[in-house]
Amino acid sequence: MRCLVKQHILQSFDILSFQNKLLDWYEDKKRDLPWRQSSNPYYIWISEVMLQQTRVDTVIPNFENFITLFTTFQELVAAYEQEVLKAWEGLGYYSRARNLHHAAKEVVHSFNGVIPNDPEQFGQLKGVGPYTRGAVMSIAFGLPEPAVDANVMRVLSRVLRMEENISEHRVKKEFENITRGLVPADDPSSFNQGLMELGALICTPKEPMCMFCPVQSHCRAYEAGIQNELPIKGKKKKQRHIAYAALLLEYNGEYVIEQRPKSGLLANLWQFPMIPLDEMALEDGVTWLSSEYGIDVSIDKKVATLKHVFSHIIWNITIYKGTVIRKETDQRLEFVHPDAFDLYPFPVSHLKMIPYID
Ligand code: SF4
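The residue numbers shown here count from 1 along each chain, following its written sequence. The predicted origin of the model limits local features to residues at a pLDDT of at least 70 and limits the giving and counting of side-chain atom pairs to 80 or more, whereas totals for whole chains, interfaces and linings rest on all residues. Each side-chain value is derived from all of the structure's non-hydrogen atoms; neither hydrogens nor water enter the calculation.

Enquirer: Break down the overall build of the chain for me, with residues and values.
Expert: For helices the rule is a DSSP run of H or I covering at least 4 residues; for strands it is a run of E covering at least 2, with both sets numbered from the N terminus onward. A count of helices and strands for the chain gives 15 helices and 7 strands. Only protein chains enter the accessibility calculation, which uses a 1.4 Å probe. A residue is then buried if its area is under 20% of the maximum for its type, exposed if over 50%, and partly exposed in between. For the chain, with 358 residues in total, the buried portion stands at 50%. In this analysis, two residues are considered to be in contact whenever any of their non-hydrogen atoms come within 4.5 Å of each other. At a minimum sequence separation of 6, the contacts of the chain that also span at least 24 residues come to 69%. Areas reported here follow the Shrake-Rupley algorithm with a probe of radius 1.4 Å; residue values treat only the protein chains shown as occluding. Only carbon and sulfur atoms are counted for the fraction: they give 50% of the accessible area of the chain, which is about 18,100 Å². Each charge class in the chain was averaged separately, 39 positive and 44 negative side chains, and the resulting centres sit 6 Å apart. Charged-residue counts in this description rest on Lys and Arg as positive and Asp and Glu as negative, His and the chain ends being excluded. Charge positions come from single atoms, namely NZ of Lys, CZ of Arg, CG of Asp or CD of Glu.

Next comes the structure, spelled out in structure tokens:
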């Protein structure tokens with residue numbers, strides 16, 4: 001059934017001409033990005049994981065910082081998880097960093113420390129999905145594997161006029177199958193990167209620049225004048241709003257931070273104490289801090305509000321400054337001078353609170 005769909009979609013599509021036009025354009029217009037200066041599979045892997053759901057502008061400094069800290073794959077393997085999370089600070093989606101670190105250890109354990117150039121083996125490493133597998137295999141090892149992300153699905157849904165809902169897993173698989181029939185054996189790296197680059201620079205989500213498009217003559221959506229209506233996406237689930245008070249609590253020049261649980265959202269990262277305001281009032285939260293953590297605090301003033309958007313929830317945070325009046329020893333809390341914050345990985349939302357500490 002899949003092959004029939006593929007044959008049908010690619011019927012009367014001039015694959016060779018499409019490949020050549022895309023490859024020529026990519027060669028001419030590709031951006032000079034730091035990870036494009038190397039075919040080291042470690043660097044390619046890092047960059048591809050960072051680029052998922054994150055803008056190129058944000059990835060560039062973070063990538064450079066990361067490979068400066070962990071220049072070789074072996075250095076990444078030898079690092080503590082907290083060091084890796086610290087280096088990932090600012091990129092969000094921290095489970096990607098944890099999975100990458102875990103997968104790197106798997107490579108040492110199962111493949112003598114050499115990143116496998118076998119799509120099956122590489123695809124079984126923790127956190128490596130079909131996109132990362134295809135991107136690393138094609139860019140680092142020159143294997144003709146498809147690398148289908150949201151950019152590529154957008155471009156191909158327009159070029160091939162595929163009017164199915166790209167949010168469905170079944171449709172994504174179909175795109176992978178079709179893309180496999182498009183990737184040239186002699187330069188899969190440039191072809192896959194060319195598709196992504198076209199999606200980033202020309203065939204953008206809104207107002208694609210069809211006049212400058214190198215594959216315009218192949219584009220079925222352009223021919224039909226429906227490029228702005230594709231791709232078809234399912235309705236996004238509404239994000240749930242959660243209200244928190246975040247407390248910047250000072251005690252002799254040090255501030256209280258706690259580590260988040262070992263699993264779940266922002267696992268193992270450090271944060272200022274947070275009170276869930278949907279569950280208790282601020283005053284009750286203060287009492288709860290005393291009974292749960294053994295710290296008596298006074299709230300001095302509200303200093304700011306901030307909103308942090310995750311894929312499924314939105315945190316609406318009100319930031320308060322306060323003082324610790326009494327404390328007992330509790331291993332979940334640490335009292336840290338601001339000069340030492342650099343030693344702890346914080347989520348982006350809490351990094352934004354640090355400037356409110358005088
Ligand atoms: Fe995208 Fe327009 Fe090019 Fe078609 S012609 S691939 S819609 S930019």
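Enquirer: Can you lay out the nonpolar core for me, pointing to particular residues and giving the numbers?
Expert: Residues belong to one nonpolar core when they are buried, are Ala, Val, Leu, Ile, Met, Phe, Trp, Tyr or Cys, and are joined through side-chain atoms within 4.5 Å. Trp45 and Phe66 are the most contacted members of the largest nonpolar core, which totals 95 residues. The element that contributes the greatest number of residues to this core is helix 3 (residues 41–51), accounting for 7 residues. The split into domains, and so the bounds of each, comes from an automatic or database assignment of domains. Here this core spans two domains, since at least three of its residues come from each of domain 1 (6–229) and domain 2 (240–357). Not counting chain neighbours up to four residues away, the residues in contact with phenylalanine 66 comprise Tyr42, Ile46, Met50, Leu76, Val84, Ala87 and Trp88. With 16 residues, the next largest nonpolar core counts Ala245, Leu247, Val286 and Val324 among its residues.

Enquirer: For the domain arrangement of the chain, give the residues involved together with the corresponding values.
Expert: Under the domain assignment, the chain is made up of domain 1 (6–229) and domain 2 (240–357). Each of domain 1 and domain 2 has a C-alpha centre, and these two points are 37 Å apart. Facing 8 residues of domain 1, the contacting portion of domain 2 comprises 16 residues. By buried area we mean how much accessible surface two parts lose on assembly, using a 1.4 Å probe and totalling the loss over both. Across the domain 1/domain 2 interface, buried area totals approximately 880 Å², and carbon plus sulfur atoms make up 53% of it. When the area that domain 1 buries against domain 2 is broken down by residue, the three leading residues are Gln82, Lys86 and Tyr94, summing to 51%. Whenever a carboxyl oxygen of Asp or Glu lies within 4 Å of a side-chain nitrogen of Lys or Arg, that contact is scored as a salt bridge. For the pair domain 1 and domain 2, the interface holds 0 salt bridges.

Enquirer: How would you sum up the site of the ligand? Please name residues and give values.
Expert: To be near a molecule or strand, a residue needs just one of its heavy atoms within 4 Å of it. Within the structure, the ligand sits among Arg158, Val159, Ile202, Cys203, Pro208, Cys210, Cys213, Gln216, Cys219, Tyr222 and Gln227. For the shell around the ligand, the class distribution of residues is 8 nonpolar, 2 polar and 1 charged. When residue character is reported, Ala, Val, Leu, Ile, Met, Phe, Trp, Tyr, Cys and Pro are called nonpolar, Asp, Glu, Lys and Arg charged, and the others, Gly included, polar.

Enquirer: Describe in detail the pairing of strand 2 (residues 254–259), supporting the description with residues and values.
Expert: Think of it this way: DSSP has to see at least two bridges between two strands before they count as a pair. Note: strand 1 (residues 240–251) against strand 2, 2 bridges, orientation antiparallel. Counterpart to tyrosine 251 in the pairing with strand 2 is glutamate 254. Linking two consecutive strands that pair antiparallel, namely strand 1 and strand 2, is a turn of 2 residues; a positive phi of about 50 degrees is found at asparagine 252 within it. Sheet analysis places strand 2 next to strand 7 (residues 333–336), joined by 4 bridges and oriented antiparallel. Counted as the bridge partner of tyrosine 255 is valine 336 from strand 7. In this sheet, strand 3 (residues 270–271) lies alongside strand 2 in antiparallel orientation, the contact comprising 2 bridges. Paired with glutamine 259 across the two strands is tryptophan 270, which belongs to strand 3.

Enquirer: I'd like a description of the pattern of salt bridges, backed by residues and values.
Expert: As enumerated under the stated definition, the model contains 15 salt bridges in all. Ionic pairing is found between glutamate 27 and lysine 30, a salt bridge with its closest N-O pair at 3.8 Å. For glutamate 27, a relative accessible area of 54% translates into the label exposed. Residue glutamate 164 pairs with arginine 170 through a salt bridge whose shortest N-O separation is 3.1 Å.

Enquirer: Before we move on, can you summarise the packing of helix 2 (residues 15–29) against helix 12 (residues 188–201) with the specific residues and values?
Expert: For the pair helix 2 and helix 12, the least separation of the axes is 9 Å and the interaxial angle reads 70 degrees. Put simply, helix 2 runs roughly perpendicular to helix 12. Touching Phe18, Gln19, Leu22, Leu23, Trp25, Tyr26 and Lys29 of helix 2 are Ser190, Phe191, Gln193, Gly194, Leu195, Glu197, Leu198 and Leu201, all from helix 12. Partitioning the contact of helix 2 with helix 12 into residue classes produces 9 nonpolar, 4 polar and 2 charged. An axis is simply a line fitted to the C-alpha atoms; with a helix, the fit covers only the stretch in contact. Between two such axes, the angle follows the N-to-C directions and lies from 0 to 180 degrees. Relative orientations are named as follows: roughly parallel for angles under 35 degrees, roughly antiparallel for angles over 145 degrees, roughly perpendicular for angles from 65 to 115 degrees, and oblique for any other angle.

Enquirer: How would you summarise helix 3 if you had to cite specific residues and measurements?
Expert: Summarising burial for helix 3: 9 of the 11 residues are buried, a large majority. Looking at helix 3, one finds that the buried residues are Tyr42, Tyr43, Ile44, Trp45, Ile46, Ser47, Glu48, Val49 and Met50. Taken together, the buried residues of helix 3 touch helix 4 (56–69), helix 5 (73–78), helix 6 (81–88), helix 7 (94–111), helix 8 (119–123) and helix 9 (130–141). N or O atoms closer than or at 3.5 Å make up a polar contact, with two conditions inside protein: a donor-capable atom paired with an acceptor-capable one, and, for residues adjacent in sequence, both atoms drawn from side chains. Between the side-chain oxygen at the start of helix 3 and the backbone nitrogen of tyrosine 42 there is a gap of 2.9 Å, and the oxygen is on asparagine 40. Backbone geometry just after helix 3 places glutamine 53 at a positive phi near 60 degrees.

Enquirer: Which residues make up helix 14 (residues 282–293), and what values go with them?
Expert: With 12 residues, helix 14 extends 16 Å from end C-alpha to end C-alpha; this agrees with the ideal 16 Å at 1.5 Å per step. Those residues of helix 14 that fall on the buried side of the exposure criterion are Leu282, Gly285, Val286, Leu289 and Tyr293. Take helix 14 and look down its axis: the buried residues cluster within an arc of 105 degrees, on one side only. Seen from the open side of helix 14, the exposed residues pointing more than 90 degrees away from its buried face are Glu283, Thr287 and Ser291. Elements that come into contact with the buried residues of helix 14 comprise strand 1, strand 2, strand 4 (274–276), strand 5 (295–309), strand 6 (313–327) and strand 7. Under the convention used throughout, the expected extent of a helix is 1.5 Å for every residue step, that is, one less than its residue count. Note that the arc is defined by the directions from the helix axis to the C-beta atoms.

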